[in-house]
Structures are given as structure tokens and as C-alpha cells.
Amino acid sequence: MVVNRLSALLPLLVIVGLATSLQAGVVAEEKSLYRNVLVFEEKGLRCMKFGTHDNARQSCMEIADPVAMVFNPPRMLMAGLYLLPDPQRILVMGLGGGALVATLQTLLPDSEIDAVEIDPAVIRVAKKYFAFTPGKNTRVHAEDGRVFVKHQLRQKKKYDFIALDAFDHISVPEHMTTREYLQELKTLLTDHGVLAANTFSSGRLYDAESATYAAVFGPFYNMQIRNRVILAMKSGQLPEMETVRRNAARLEDGFRPFRIGQDWLLPLFATGNRWPEETRLLTDQYSPANLLMGR
Amino acid sequence: MAKQKILIYLITWWSGYFVMAMELLGGRTLAPFFGTGIYVWGAIITLFMLSLSIGYLLGGQFSARQPSLRKLGAILLLATVAALPCAAIANPILERVFEATSDPRYGALAASIALYFLPITISGAISPYAIRLLVEGLGTSGKVAGMVFFVSTFGSTAGTLLTSFYLVLIFEVDQLFFGMMAISALIGTAAMLLGGSGQDEGFRHGR
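Secondary structure summary: chain B contains nine helices and zero strands in total. Listed by position from the N terminus, the elements making up chain B come as α-α-α-α-α-α-α-α-α. The C-alpha radius of gyration of chain B comes to 18 Å, within 12% of the 17 Å expected for a compact globule of 207 residues. Residues counted as buried form 47% of the 207 residues belonging to chain B. Counting contacts in chain B only where the partners sit at least 6 residues apart, residues at least 24 apart contribute 87% of the total.

Residue and element names in this part refer to chain A. Judged by pairing direction, the sheet is antiparallel, and its four strands sit side by side in the order 1-2-3-4 without closing on themselves. The two strands at the open ends of the sheet, each matched to only one other strand, are strand 1 (26–30) and strand 4 (57–62). Strand after strand, the sheet turns through a mean of 20 degrees between neighbouring axes, direction not considered. When strand 1 meets strand 2 (residues 37–42), the two strands line up antiparallel, connected through four bridges. Residue pairing for strand 2: Glu-29 is matched across the bridge by Leu-38.

The next thing to look at is the interface of chain B and chain A. Residue-level contacts link 15 residues of chain B with 14 residues of chain A. Every element with two or more residues in the side of chain B that touches chain A is listed here: helix 1 (2–34), helix 7 (141–170) and helix 8 (173–194) of chain B. Ranked by residues supplied to the side of chain B that touches chain A, first place goes to helix 1 of chain B with four residues. Considering only residue class, the side of chain B that touches chain A consists of 10 nonpolar, three polar and two charged.

Attention shifts here to the environment of A:Arg204. Residue and element names in this part refer to chain A. Take Arg-204: it is sitting in helix 7 (residues 204–217). Using a count of 20 C-beta atoms within 10 Å as the deciding quantity, one classes Arg-204 as buried. Residues Arg-204 and Pro-276 lie 72 residues apart in sequence; the distance between their C-alpha atoms is 10.0 Å.

Let us now look at unusual backbone geometry. Most peptide bonds adopt trans geometry, and most residues besides glycine take a negative phi value. Residue and element names in this part refer to chain A. For Lys-43, which is not glycine, the phi torsion reads 50 degrees and is therefore positive. Structurally, Lys-43 is set in the loop between strand 2 and strand 3 (45–50). Looking at Lys-43, the number of C-beta atoms within 10 Å reads 9, which means it is exposed. Residues other than glycine seldom take positive phi values, yet Lys-156 does so here, at roughly 55 degrees. Relative to the helices and strands, Lys-156 is located in the loop between helix 5 (145–154) and strand 8 (159–164).

Thresholds applied
- Residues numbered from 1 in each chain as written.
- Chains lettered and ligands numbered in written order.
- Predicted model: local features only at pLDDT ≥ 70, side-chain atom pairs only at ≥ 80, totals over all residues.
- Helix = DSSP H or I, 4+ residues; strand = E, 2+ residues; numbered from the N terminus.
- Rg over C-alpha atoms; globule rule 2.2 N^0.38 Å.
- Buried ≥ 20, exposed ≤ 12 C-beta atoms within 10 Å, placed from the backbone.
- Contact = placed C-beta atoms within 7 Å.
- Pairing = 2+ DSSP bridges.
- Axes fitted to C-alpha atoms, helices over the stretch in contact; angles between N-to-C directions.
- Nonpolar A, V, L, I, M, F, W, Y, C, P; charged D, E, K, R; others polar.

Below, the structure written as C-alpha cells:
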């Protein structure tokens, strides 16, 4: 009976397969344990997305100039360096096409970088289609981010800069939204360490996320386009905009080849993010992030 | 007699609810240590299926020895007690397992065994035991078994839907655990109290 059902499904599978490969601009598809990784090209850009019906771009690069950062989330995460220009040890959660890691390892060749990506298929695609080559001080780990953090805590590892880029607007790993997780990351940071987190939260999740970050880190800079980047410090003391501007000026030449700079990044720096008093924090005990999104 | 029948079906329904709610919350409990990947769900589901299968076997065996509603209530209470560590001391247990195993697959499996093997095995004993109490003759045994499967699996449906769609939006994981244990304790105690005459019933059918 099972065989019968399978054979009935076969024509359907063939059609779905054809539809996928016929989709405009699709260059490659990589099978994944999670969501299949699609590489497609349009308007001089090569982008990565997950699954056929998902329109969220995970990463993009300019085919003519692979070094340029053309995708907003990693560009905004680079602003973390405006708070701490020369981090020695860096942790990047979520690889995508590898744009952030590639830029960081070129800019800071002596810094040690740990990049964590849950999906080995994404790592393969980054290397094969997005010109990503791990540098001599870069290690890429195929592991769940929260599990990786637990292991690093056990080994008493420390990082000066942690960049989180593990979310998209379709699905949020709920165990990576909680107060406990942020506390674990805070423990991993050195005293002057910086956290930069990219999220796509909306609705009630936006407020819950703000409240949770504030509860763990205190005040933060909030950068908002379609996505959002939160910049926070372990010390809880944000540097004044004066210092941020000075660091930005110092980094301007280094940033130029990647086509990012202070003219675009500095105006995005905002504080004074507000949320309702009674906003419930996200914790390991209470983390319905995906249900709160868009509500 | 009708009152006892309803109580037996209620226990069956509730145990179905309890098992699936525990399974979903198990995913939440394990996530901070082992992630939420397919292997974590694989480990949890494997352990729940294994525990249930053993529970069915043991429940069937146990039902051959002077079955009574009172004993069914005792099984439910026992499952409740066995589930206590899932809420009270899950984190220390998970820390210990995490220290011992670095592989997330076997770590998740070991953690599932440590937390869920006992309560789910005991819960598995409830359905076959309930069938034994409800069956009045050979001719209706299939009908009764079908009804018990229906009620218990319908309970599982409710436990899955309510927990994952609604209850996690309102309650903390531990609140859900303790809430379910309170309900289990309540129903189990009721069965112990009302199970007196059922014991005679059991004797009559049992020997």
C-alpha cells in the first residue's frame, strides 16, 4: 500500500521538481536537512534563499564585485566595529553567504573568528557559489548556535565581538531569543565586548525582544530598516555618539572596498526605543517568538 | 458503575493528553542544551515511542492480576510522581548529561531517557489496563478496545493542539508541567476513592 501511495505521488514529485528547476534565475539547489538552499541570480546579484516558496533572501553578492557588501543585514552588523574597532576574538552566528565573515577576516586578518552555522548545506553553498573561503584564523562550525555557546562557556572562551545573524522573517529559532541565551552570550563577552544582533521581528515580538535585550544588556543602539540591528555592550555603558563618530572616521578607509561607510551607517544609529511597561520578557520558560511575530 | 466507566475513560483521555503535551514541552526543555534540530525531535519521539510500547506491554501484563479502578488510579499517580523531575530538576539533569556527551544526538537521547522514560512508560500502561476494566465479554472486546484507542488518541490530539497553539502563549513551561501534574493527581485520587467497588468487579472478571 505504501508503494502504491508513493507511485501515485511520483508524477506530482516530477512536476514539483520541474517547477523548481524552471524557476527564473535559479542557478543551483542544495539539498538540506532543514530547508533546501536555492541560489538564484537577478539584476547582477547572486542571492541565497531557503525553499521554493520562501521569498526571504538570506544573503546576496554582486557578481561583478564579490567583495562589496550589498545586503543590508551584514552591512549593518559591521557597525558593531564603530563601538569596538579592533576586536581580537570574534563570534559570528549564522553564515549565510559568508559576507560578514569574509569582510571581517579581510579587514582584521589577525583576529580569530568562529563562525557558527547550523546547516552544512549553507556552508557548502557559501563556499561554492558565494566565493567564501575561510581565512587562516577563521573556523567554521556546523552546529546549533545555542549548543555552540554552551560548549564555549564550558571552555571559558571569551569574545570581543559577537554578531548574531541567525534569523529571518519567516522563522525564528525560539531558543535563541531568550533572556538565558543573551545572558550566556554576555558571559562569553570580554569586559569591553560588543554584541550586534540582526533580527526581523515585528509586532509583539519586537517589543518582547527590546525588553529582553534591555533586561540583559541595558541601553542599546537600535538600527532599523526592514530588518533591525541591536548594538549592545557587556558593560551596559554605550559609548557616546562622539566616540562612535570618531571610530567610524578611523574605519572609513578600511570599509571603503566593501562599499560601506559612515554616511550610510551613522544615520541609522538610534536610541530611545520604547516598549509597553508590561511587556513580558522572553525566557527559556516562555518563548513563543514565532507566535508573537506579527501579532 | 456508569460513574466508574466515565472515570476510566477520563483517565484514558487525560493520559493521552498528558503524554503528547509532555512530548511537546520536552522539545522546549531540551532546546537550550541540544538545540531544536530534527535530531532532537528524533530523540524525543524515539524515546516516547519506546516508552509507550514498553508501557503497553507492562500494562497488559499487570491487568491480568486482580485489576481494579483503584489500581488504575494508582498507575496515574505513579506516572505523576515519576514526571516530577521533568519540572523540578530538569536543568541540573540536563547539565549533567551535557557534560557527559558532546554529540547532540546521543545527548538529546540520553536526556530524553533520563527525563521521560519512567513517566511515559507508566503512562503507556493506562490504555491496556483500561481496556481490561471496560471489557465485559469477548464479543464486545474489539469495540471497547477501539473506543479506548479513540478516547486516548483524541486526548493526545487535544494535548498537542492546546499546548502548541495556545498554552505556550500564556504559561511558562514549568507552570504547564505543574498544572498537568495537579490534574493528574486530582483524577488519580478520584479513581482511588471511587475505585472501591471496582475492586470486586475486578475480582469477578479477573479470575
